Amino acid sequence: MGTAELAAGALGRATASPILAIGAGFIDLTPVWLKDFAIRTFGSNDKTVLLIGLGAGITIAALVIGLLSTPRLVFGLIGLAAFGTVGGTAALTRPVAEPIDALPSAVGALAGMAALALLARSVRPKPRPKPHPRHRASPIRHPETTAKGKVAHSTAPLGGDQATGPRSEWKNWPEHRSKDAPEPAPGAGAGIDRRRVLLTGAGVVGVAAVGGIGGRALLRRENVSKIRTRLRLPAPVSQAGPVPAGAQVRVPGMTPFRTSNADFYRVDTALVLPQVDPRDWTLRIHGMLAHPVELTFDDLLRQPLIERDISLSCVSNQVGGVLAGNARWLGVPLAPLLRRAGVRPGADQILSRSSDGMTLSTPLESVLDGRDALLAVGMNGEPLPVAHGFPARMVVPGLYGYVSATKWVVDLKVTRFATDQAYWTKRGYAERAPVKTFSRIDVPKPFARLTAGPIAVAGTAWAQHRGIDAVEWQVDDGPWRPARLAPVPGIDTWRQWVAEWDALPGSHTLRVRATDKTGTTQPEHRSPPVPDGATGWHSVVVTVT
Ligand SMILES: Nc1nc2c(c(=O)[nH]1)N[C@H]1C(S)=C(S)[C@@H](COP(=O)(O)O)O[C@H]1N2
Ligand SMILES: [Mo]
């Protein structure tokens, strides 16, 4: 694995590393229920958990290969070849694969086989000096086998010749020796050479460690964080409207109205963050267009930029979940770019592709209907963080991330839903996925212990691009009461709400529901995230004393 990492590092292709390729293949093959379980349970740490699991799996595979090699070395070698084949296949089936990506797995498998052969040889006892059978049978003594001949034999290559073979030597191992067989005299050349085993083992571990660390260091050369830090983005021609002073509800423990880049949720299929250098970046806009174009990053920055507050949420968010955030995005409006390229009649989809081969489909009408659909380059006053799509991503208010928010975007194809399907759509998610109206109680926290009297109940609600019109809350099965809504800069962000509760002692369930500006209230019925977003009212149980 270490030498494979080194080879991947030398190629400068993280996706050619067998462990990362197998991990990425695993992500693609993960059934939707397991993906939802992982996101629900581990949130943005899902990838760390996957890597730890992979490490455990590889350790088990290594143990199995080791056990297989005990009876016959060749079984272990076959095991390693199979392991390399899995790695190579995983690397070659990545959407961005090149044939060379099989190389690190091949190098790794060969190095593993060499290491196994060396290790197996080192634990093999030295052949016991004894006359060659053919010679024993012969009455004529060969000069070699006379007294001094033993010396000649003990310098024979370890592993013995064909006639004595490795198997017959197992008899020299203590467990195989019969009780009455004489102990081989110490230093007689029988038994395991500990020094040799240790040196071989240390050598193998050393090469693996140097390879692994070196490979990682080589891959770090691809890291674009420094380029990102030095990047200066132009000022917007149209600034975001002011955020009203009261947008942030002043209740301790309340969610911030603006999510910092560090706290912004992260959901994607990228096991290693794509490192896209803006100097090499281009965006191809093609498909059902009169004038397909290809933009460099400088071309993009020469367009008039606008800045907008837009909340983003994930279709995998459960009732009460935290897979949503609100940021100030700086970007180029997408609609004029497409209009200039001349959209042909009949097109209804933008199939966007990221540098790592991920695909997302966005309904064309949502991008062209006048909303602030952006090719974003900045987030909260900084260039996009690498984890959030540096150097450019899409942001479309009102749509779930998986149908709109392509990070590390490099290709936009104007097409039809009937022709092209994106990653999640192939896996059973809906083609069209406007965000569902959502409301959450942020304080008090679930199972909080409170003292009777006035208590602030507050939370966040969203229905991007429709806007939140009302939030109602309820204690136990009492009447629904209107919450006070905080002011918002527009309909594309989430909206905070607050209410005062005169809490009486006992155990209570607090519940919330929101109504969007089309007049539709969140349904009580709970449905899972698949295929187009979860529904249901959020509730919190608290104890008042
Ligand atoms: N390249 C790429 N872009 C992607 C995804 C992805 O897996 N790969 N996931 C999408 C999903 S499901 C969501 S919810 C948003 C999340 O964006 P964030 O990680 O910046 O919060 O990104 C979207 N863009
Ligand atoms: Mo998502």
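Residues numbered from 1 in each chain as written. Chains lettered and ligands numbered in written order. Predicted model: local features only at pLDDT ≥ 70, side-chain atom pairs only at ≥ 80, totals over all residues. Heavy atoms only, no water.

The name an unreviewed UniProt entry gives the protein chain is Molybdopterin-dependent oxidoreductase, with Actinomadura syzygii as the organism.

The subject of this paragraph is the overall build of the protein chain. Across its full length, the protein chain holds 15 helices and 19 strands. Expressed as a percentage of its 545 residues, the buried residues of the protein chain come to 47%. Within the protein chain, counting contacts between residues at least 6 apart in sequence, those at least 24 apart form 75% of the total. If you sum the accessible surface of the protein chain, you get close to 26500 Å²; carbon and sulfur atoms cover 61% of it. (Helix = DSSP H or I, 4+ residues; strand = E, 2+ residues; numbered from the N terminus. Buried < 20%, exposed > 50% of the residue type's maximum accessible area, 1.4 Å probe, protein only. Contact = heavy atoms within 4.5 Å. Areas by Shrake-Rupley, 256 points an atom, 1.4 Å probe, with all protein chains shown as cover.)

Approximately 1200 Å³ is the volume found for the largest pocket. Going through the elements one at a time, helix H1 (2–11), helix H2 (18–29), helix H4 (46–69), helix H5 (73–92), helix H6 (103–123), helix H9 (165–169) and helix H10 (194–220) are the ones with two or more residues in the lining of the largest pocket. Within the lining of the largest pocket, the residues separate by chemical class into 31 nonpolar, 12 polar and 3 charged. Both domains that furnish three or more residues to the lining of the largest pocket are identified here as domain 1 (2–125 + 193–222) and domain 2 (135–189). Its boundaries defined by the atoms lining it, the second largest pocket holds a volume of some 890 Å³. Every residue lining the second largest pocket is counted, 31 residues in all, and those nearest its centre are Ala14, Val272, Leu273, Pro274 and Gln275. Contributions of two or more residues to the lining of the second largest pocket are made by H2 and H10. (1 Å grid on protein atoms, 1.4 Å probe; cavity = no way out; pocket = protein on both sides within 12 Å on 5 of 7 lines; lining within 4 Å. Points joined across faces, edges and corners; volume = space filled by probe spheres on them. Nonpolar A, V, L, I, M, F, W, Y, C, P; charged D, E, K, R; others polar. Domains from an automatic or database assignment.)

Moving on to the sheet that holds strand E1 (residues 282–287). The 5 strands are arranged E2-E1-E10-E5-E6 in an open sheet whose pairing can be described as mixed. What marks the edges here is a single partner per strand, and that holds for strand E2 (293–296) and strand E6 (359–363). When strand polarity is set aside, the average angle formed by the axes of neighbouring strands in this sheet is 15°. In the sheet, E1 pairs with strand E10 (residues 409–415) via 4 bridges, with the strands oriented parallel. Within E10, the residue paired with Arg284 across the bridge is Asp411. (Pairing = 2+ DSSP bridges. Axes fitted to C-alpha atoms, helices over the stretch in contact; angles between N-to-C directions.)

If you look at the biggest cluster of nonpolar residues, it comprises 74 residues, and the most contacted ones within it are Leu300, Trp329, Leu334, Leu375 and Tyr402. Looking at which element gives the most residues to this core, the answer is strand E7 (residues 374–379), with 5 residues. Taken together, domain 1 (2–125 + 193–222) and domain 3 (282–427) each give at least three residues to this core, which thus spans both. Those residues in contact with Tyr402 that lie beyond four places of it in its chain are Val315, Leu360, Trp424, Tyr429, Ala430, Ala433 and Pro531. In this structure, Ala448, Leu485, Val512 and Val542 belong to the second largest nonpolar core, which totals 23 residues. (Core = buried A, V, L, I, M, F, W, Y, C linked by side-chain atoms within 4.5 Å.)

So, about the pattern of salt bridges. Tallied over the entire structure, the rule returns 23 salt bridges. For Asp36, the salt bridge goes to Lys35, with nearest N and O atoms at 3.2 Å. By relative accessible area, Asp36 is classed as buried at 7%. A relative accessible area of 12% places Lys35 in the buried class. For Lys47, the salt bridge is made with Asp46, and the minimal N-O distance between the two is 3.6 Å. Residues Lys47 and Asp46 agree in their burial class; the two are buried. (Salt bridge = Lys/Arg side-chain N within 4 Å of Asp/Glu carboxyl O.)

For the rest of this paragraph, the subject is helix H13 (residues 334–341). All of the buried residues along H13 are Leu334, Ala335, Leu337, Leu338 and Ala341. Viewed along the axis of H13, the buried residues span an arc of 165°, placing them on a single side of the element. Exposed residues lying more than 90 degrees from the buried face of H13 are Arg339 and Arg340. (Arc of directions from axis to C-beta.)

Next up on the list: the packing of aromatic side chains. Applying the stated criterion to the full structure yields 10 aromatic pairs. Centroid distance Phe264 to Tyr265: 5.5 Å. Interplanar angle 20°. Geometry classified as stacked. Measuring from centroid to centroid gives 5.6 Å for Trp424 and Tyr429, while their planes differ by 75°, and the two rings are edge-to-face. The class of Tyr429 is buried, set by a relative accessible area of 3%. Through a chain of ring-to-ring contacts, three or more aromatic side chains come together here, namely Tyr402, Tyr423, Trp424 and Tyr429. Sitting over the face of the ring of Trp424, Lys35 holds its NZ or CZ atom 4.5 Å from the ring centroid. Geometry around Tyr423 places Arg427 over its ring, the cationic atom sitting 3.7 Å from the centre. (Phe/Tyr/Trp six-rings, centres within 6.5 Å; stacked < 30°, edge-to-face > 60°. Lys NZ or Arg CZ within 6 Å of the ring centre and 35° of its normal.)

Looking at ligand 1, there are 19 residues lining it, with Tyr265, Thr269, His388, Arg393 and Lys407 nearest. Within the side chain of His388, a nitrogen or oxygen atom sits 2.6 Å from an oxygen atom of ligand 1. The separation between an oxygen atom of ligand 1 and a polar side-chain atom of Arg393 is 2.7 Å. When the free accessible area of ligand 1 is taken as 530 Å², the share hidden by the protein chains comes to 98%. (Near = heavy atom within 4 Å. Polar contact = N/O pair within 3.5 Å; in protein donor to acceptor, adjacent residues only side chain to side chain.)

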